[in-house]
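Notes for the structure review
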Amino acid sequence: MSKSKSSESVKVVVRCRPMNEKERAAGFERMVSVDVKLGQILVRNPREASAAELPKIFTFDSVYDWNSKQIDLYDETFRPLVDSVLLGFNGTIFAYGQTGTGKTYTMEGVRNDPDRRGVIPNSFEHIFTHISRSQNQQYLVRASYLEIYQEEIRDLLSKDQTHRLELRERPDTGVYVKDLSSFVTKSVREIEHVMNVGNQNRSVGATNMNEHSSRSHAIFVITVECSELGVDGENHIRVGKLNLVDLAGSERQTKTGAQGERLKEATKINLSLSALGNVISALVDGRSSHIPYRDSKLTRLLQDSLGGNARTVMVANIGPASYNVEETLTTLRYANRAKNIKNKPHINEDPKDALLREFQEEIARLKEQLEKRVGKKKKRQRRKAGDGSEGQDEAEMEEDDDDGDDKGDYWREQQEKLEKERKAIMEDHSLVAEEKARLLKEKERKMEDLRMEKEAGEMLAAKVKAMESKLLVGGKNIVDHTNEQQRMLEQRRQEIAEQKRREREMQQQMESRDEETLELKETYSSLQQEVDIKTKKLKKLFNKLQAVKAEIQGIQEEHIEMRQEHEQTQNELTRDLKLKHLIIENFIPLEEKKKIANRAVYDDEDDCWKMKPITRMEDDHQMMSRPLSAVGYRRPLSQHARMAMMMKPDTRYKAENILMLDMELPARTTKDYQEPVIAPKVAAALENALRDEDEIQVDASGFHSSLGPTPPGSASSSLMKPKSGRPRTGKKSSTPTSFSPSSPGSLHYPQSRGLVPK
Ligand code: ADP
Ligand code: MG
């Protein structure tokens with residue numbers, strides 16, 4: 001890999017996973033063969049019954065079969081990329097393929113099995129080992145983790161998982177995710193922790209993790225900044241950014257029978273993936289001047305990785321079984337196209353947004369502050385010591401010496417001194433009590449000041465320490481023997497990988513040249529021989545032609561299928577739109593619709609329609625200013641009306657409150673209860689009537705006339721047996737009699753009547 005600015009192709013490797021238990025149990029046939037040496041994948045088509053049908057052949061930078069080890073992939077394919085990130089290049093690894101073909105296995109692998117760890121954990125190890133072996137360099141490593149799901153960006157490391165992030169663009173640094181959190185990590189353990197937290201968050205929102213991960217793109221970003229003293233005597237910073245992308249499953253969604261909501265989701269996912277495909281096509285095409293990066297979040301964010309300033313590796317994952325063949329072919333064609341993308345990587349030197357630079361400057365600033373404090377303190381110490389020269393020597397010596405000890409001594413001394421002075425004041429009886437209290441207070445204040453100063457100093461020192469600890473420097477165990485051996489081993493492995501790669505390349509070249517040169521070299525001894533050889537050759541070429549034709553047909557079929565799918569989606573969307581139209585036509589007044597349409601503007605940045613705010617503009621007459629005649633009033637008033645209002649309270653000129661709305665209490669419709677005047681005789685009779693049975697002495701002869709036309713039998717019985725203890729009210733209404741409330745019978749008789757209580 002060169003450090004020049006020249007362009008280089010995207011490296012594409014293909015990995016085929018082993019048959020899983022289910023496939024083996026179901027007896028699926030393996031349709032994929034892998035020629036590791038030649039870097040070729042051969043796919044037989046299960047549909048074509050004829051055995052003569054030649055397998056489709058695809059050639060890649062390297063290919064890995066079901067026996068491939070994670071570490072082999074890493075050493076051969078990913079290690080050189082990570083190495084260049086450590087040099088200050090941008091690097092990206094995409095894992096592309098159908099769900100269940102091993103994208104996550106390749107990127108993450110099995111976490112707690114060192115042999116089956118994927119690229120991400122392996123790169124952690126690689127990066128921190130590299131740093132520990134470096135010399136005279138300072139490193140800062142930080143990590144971010146994000147996910148794109150349904151065209152929304154989620155920060156997998158943030159506390160608030162409901163928050164969605166936006167993409168922003170700056171002319172100097174390009175596209176970035178606004179407010180994306182990133183964590184500075186000092187060791188493999190720390191960065192692993194970051195990854196685990198992100199993975200946990202990733203699965204939190206998802207009801208079905210498999211489905212979720214197959215529809216979302218996960219991007220783990222490692223930024224490595226390295227500062228080194230250049231030949232010009234200045235510190236130079238190089239920044240390498242490594243994007244590790246586990247893409248959504250590439251399978252077509254209609255296959256899964258998505259409907260309604262699910263389909264909508266599917267169309268959205270297709271947006272990012274198909275945008276990726278479109279970008280690749282446009283890049284490879286060479287004719288299109290417009291590359292549709294802006295069509296999706298994924299392509300915008302990874303713009304640099306596709307035809308820009310980055311080194312890119314794409315791992316295309318495929319499954320071997322016969323029922324996967326369609327998808328496998330699609331994946332291989334996709335990958336084949338990606339091979340032709342040209343990138344222009346270069347080392348990012350001294351970028352404006354280097355965090356390392358900020359760290360260094362901040363540390364220098366804090367150190368300076370600390371220095372000043374120490375300086376102040378020293379001066380004081382010197383003054384105290386009395387003998388200038390000796391104190392200075394001491395101070396300087398201490399400065400070179402352990403600073404912490406010196407500090408401790410100083411603080412202790414100061415404190416002791418203050419304490420002593422305080423005691424002296426306490427014991428000094430010559431002072432007046434007031435004076436004593438004042439002095440004591442002052443001393444206490446001084447002690448407090450001293451304590452605070454000490455704390456501030458300690459805090460500053462701690463901060464410097466914390467910040468410095470984040471900057472990693474290597475060279476500590478450079479003499480470590482095992483380390484050396486390991487390094488040799490790694491180097492060997494890398495050499496072998498490089499060797500293999502060269503062999504493969506040569507073989508590929510030889511194959512392609514074979515046909516061209518064969519003819520030139522050959523001389524024929526006889527005509528027959530020439531015919532034979534040429535016939536053979538013709539056959540070979542004919543086969544090739546057939547293969548190409550078949551490929552063309554395959555691609556056409558695929559295109560037709562895709563177009564049909566798009567049309568279907570479009571139909572669904574049109575139907576949706578029609579419904580919305582119907583609602584608008586029927587429920588939104590025409591003028592409101594017009595107003596909204598006038599105010600709506602499309603925001604490219606956020607990819608949505610927005611309403612322009614209503615503001616009063618200088619020459620915008622839509623909103624007129626308030627007329628002068630209305631100041632202080634709710635509506636404009638004529639001069640005459642105002643005058644008239646002032647002169648007399650004429651309701652005619654009152655713009656407001658013409659109605660007099662004074663409270664009007666309702667008139668009373670009831671009377672206070674007045675006791676009727678009852679003849680004492682009647683009262684006595686009533687009293688008798690309401691008395692308990694056994695107390696009654698019947699002597700009703702004299703009352704018959706006054707009680708009215710009561711049937712004789714019932715009158716006596718009613719008087720004799722007041723069963724309910726209550727007189728018959730019906731009778732009372734006809735004979736308005738009453739009795740004195742003071743009488744004992746009053747308990748059984750209503751005390752008051754009417755609405756007004758008594
Ligand atoms: P994807 O992320 O593409 O949907 P996964 O990485 O989850 O697929 O893989 C699906 C299953 O296949 C997992 O159980 C994984 O362990 C297994 N697998 C994938 N690739 C390999 C491989 N090269 N070797 C062994 N097992 C694999
Ligand atoms: Mg996955």
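Residues numbered from 1 in each chain as written. Chains lettered and ligands numbered in written order. Predicted model: local features only at pLDDT ≥ 70, side-chain atom pairs only at ≥ 80, totals over all residues. Heavy atoms only, no water.

Observations concerning the overall build of the chain
Of regular secondary structure, the chain possesses 21 helices and 19 strands. Burial analysis of the chain (758 residues in total) assigns 34% to the buried set. Nonlocal contacts in the chain, meaning residues at least 24 apart in sequence, comprise 71% of its contacts between residues at least 6 apart. For the chain, the computed accessible surface area is about 48200 Å², with 53% contributed by carbon and sulfur atoms. (Helix = DSSP H or I, 4+ residues; strand = E, 2+ residues; numbered from the N terminus. Buried < 20%, exposed > 50% of the residue type's maximum accessible area, 1.4 Å probe, protein only. Contact = heavy atoms within 4.5 Å. Areas by Shrake-Rupley, 256 points an atom, 1.4 Å probe, with all protein chains shown as cover.)

Details of the packing of aromatic side chains
Under the defined criterion, the tally for this structure stands at six aromatic pairs. An angle of 50° between the planes, with centres 6.4 Å apart, marks the rings of Tyr 74 and Phe 78 as tilted. Highlighted residues: Tyr 74 and Phe 78, both in helix α2 (residues 70–87), separated by four residues, approximately one helical turn. The same class applies to Tyr 74 and to Phe 78, which are both buried. For the pair Tyr 96 and Tyr 334, a centre-to-centre distance of 3.9 Å together with 10° between the ring planes defines the contact as stacked. On the criterion of sequence distance, the pair formed by Tyr 96 in strand β7 (residues 91–97) and Tyr 334 in helix α9 (residues 325–338) is long-range, its members being 238 residues apart. On the basis of relative accessible area, Tyr 96 is assigned to the buried category, the value being 6%. Put simply, the rings of Phe 124, Tyr 145 and Phe 220 touch in pairs and so form one group of aromatic residues. When the ring centre of Phe 89 is taken as reference, the NZ or CZ atom of Arg 311 above it lies at 4.1 Å. (Phe/Tyr/Trp six-rings, centres within 6.5 Å; stacked < 30°, edge-to-face > 60°. Lys NZ or Arg CZ within 6 Å of the ring centre and 35° of its normal.)

Concerning the nonpolar core
Counting residues in each nonpolar core, the largest one holds 46 residues, and the members touching the most others are Ile 41, Phe 60 and Ile 219. Examining the composition of this core, we find that six residues originate from one element, α9, more than from any other. Dropping the residues within four chain positions of it, Ile 219 is found in contact with Ser 144, Tyr 145, Leu 146, Ile 148, Asn 243, Leu 244, Val 245, Leu 298, Leu 301 and Leu 302. (Core = buried A, V, L, I, M, F, W, Y, C linked by side-chain atoms within 4.5 Å.)

So, the sheet that holds strand β5 (residues 56–59)
With antiparallel pairing, three strands are arranged side by side in an open sheet as β3-β4-β5. Every other strand in the sheet has two partners, leaving β3 (32–35) and β5 as the edge strands with one partner each. Neighbour-to-neighbour, the strand axes of the sheet open up by a mean angle of 20°, direction not taken into account. Summarising the sheet, strand β4 (residues 40–43) and β5 pair through four bridges and their orientation is antiparallel. (Pairing = 2+ DSSP bridges. Axes fitted to C-alpha atoms, helices over the stretch in contact; angles between N-to-C directions.)

Here's the deal with the site of ligand 1
As a matter of local geometry, ligand 1 sits amid Arg 15, Arg 17, Pro 18, Gln 98, Thr 99, Gly 100, Thr 101, Gly 102, Lys 103, Thr 104 and Tyr 105. A distance of 2.6 Å separates an oxygen atom of ligand 1 from a polar atom in the backbone of Gly 100. In this structure, Tyr 105 approaches ligand 1 through a main-chain N or O atom, which is 2.7 Å from an oxygen atom. Coverage of ligand 1 by the protein chains reaches 66% of its 560 Å² of free accessible surface. Top contributing element to the shell around ligand 1 by residue count: helix α3 (residues 103–107), with three residues. Its residues assigned to classes, the shell around ligand 1 comprises two nonpolar, six polar and three charged. (Near = heavy atom within 4 Å. Polar contact = N/O pair within 3.5 Å; in protein donor to acceptor, adjacent residues only side chain to side chain. Nonpolar A, V, L, I, M, F, W, Y, C, P; charged D, E, K, R; others polar.)

Digging into the environment of Asp 246
Tracing the backbone shows Asp 246 in strand β14 (residues 235–246). Beyond its immediate chain neighbours, meaning those up to four positions away, Asp 246 contacts Ala 95, Lys 103, Thr 104, Met 107, Ser 216, His 217 and Ala 218. At 2.8 Å, the side chain of Asp 246 and the side chain of Thr 104 are in polar contact.

Remarks on helix α13 (residues 433–470)
Over its 38 residues, α13 runs 55 Å from end to end, which matches the ideal 56 Å to within 8%, given 1.5 Å per residue. Lys 436, Leu 440, Lys 443, Met 447, Leu 450, Gly 457, Leu 460, Val 464 and Met 467 are the residues of α13 that are buried. (Expected span 1.5 Å × (residues − 1).)

With respect to empty space enclosed by the protein
Over the atoms a probe the size of a water molecule is rolled, and this reveals where empty space is left. Inspection of every chain in the model, using the stated rule, returns three cavities of 30 Å³ or more. If you trace the second largest cavity, you find it lined by Met 107, Glu 108, Ile 120, Tyr 145, Ala 218, Ile 219, Phe 220, Leu 244 and Asp 246. Only β13 (216–229) and β14 provide two or more residues apiece to the lining of the second largest cavity. Sorting elements by how many residues they give to the lining of the second largest cavity places β13 first, with three residues. Looking at the lining of the second largest cavity residue by residue, the class counts come to seven nonpolar, no polar and two charged. (1 Å grid on protein atoms, 1.4 Å probe; cavity = no way out; pocket = protein on both sides within 12 Å on 5 of 7 lines; lining within 4 Å. Points joined across faces, edges and corners; volume = space filled by probe spheres on them.)

Looking at the pattern of salt bridges
Counting across every chain of the model gives 43 salt bridges. For Arg 202, the salt bridge goes to Glu 147, with nearest N and O atoms at 2.9 Å. Note that Arg 202 is positioned in helix α5 (residues 188–204) and Glu 147 in strand β8 (residues 137–149), a separation of 55 residues in sequence. One network of salt bridges, with partners in common, ties together Asp 75, Arg 79, Arg 133, Glu 490 and Arg 493. (Salt bridge = Lys/Arg side-chain N within 4 Å of Asp/Glu carboxyl O.)

Here we look at the packing of α2 against helix α4 (residues 119–133)
Running from amino to carboxyl end, α2 crosses α4 at an angle of 50°, the nearest separation of the two axes being 10 Å. What the angle tells us is that α2 and α4 run oblique. α4 is crossed by α2, and the crossing has right-handed handedness. Where α2 abuts α4, its residues Tyr 74, Phe 78, Arg 79, Val 82, Asp 83 and Leu 86 lie against Val 119, Asn 122, Ser 123, His 126, Ile 127 and His 130. (Parallel < 35°, antiparallel > 145°, perpendicular 65-115°, else oblique. Left-handed = near helix turned anticlockwise from the far one by under 90°.)

Looking at the packing of α4 against α5
Between two packed helices, the angle of one axis relative to the other and the distance separating the axes together describe the packing. Relative to each other, α4 and α5 sit at 155°, their axes nearing to 9 Å. Compared by their axis directions, α4 and α5 come out roughly antiparallel. Seen along the crossing, α4 lies across α5 with a hand that is right-handed. Only Val 188, Ile 191, Glu 192 and Met 195 of α5 make contact with α4, whose side of the interface consists of Ile 120, Phe 124, Glu 125 and Phe 128. Tallied by class, the residues present in the contact of α4 with α5 amount to six nonpolar, no polar and two charged.

Considerations on the side chain of Glu 225
Tracing the chain through its elements places Glu 225 in strand β13. A polar contact is formed between the side chain of Glu 225 and the backbone nitrogen of Leu 356, at a distance of 2.5 Å. If we skip the residues at most four places from it in the chain, Glu 225 touches Gln 138, Tyr 139, Leu 140, Arg 142, Arg 238, Val 239, Asp 353, Ala 354, Leu 355 and Leu 356.

Thoughts on a nonpolar patch on the surface
Nonpolar side chains collect at one region of the surface, where Leu 579, Leu 582, Ile 583, Phe 587 and Ile 588 lie side by side and expose about 500 Å² of accessible area between them. Tracing the backbone through its elements, the reader meets Ile 588 in the loop between α15 (527–587) and α16 (590–599). (Patch = residues over 30% accessible without salt bridge, like charges linked within 9 Å, V, L, I, M, F, W, Y side chains within 5 Å.)

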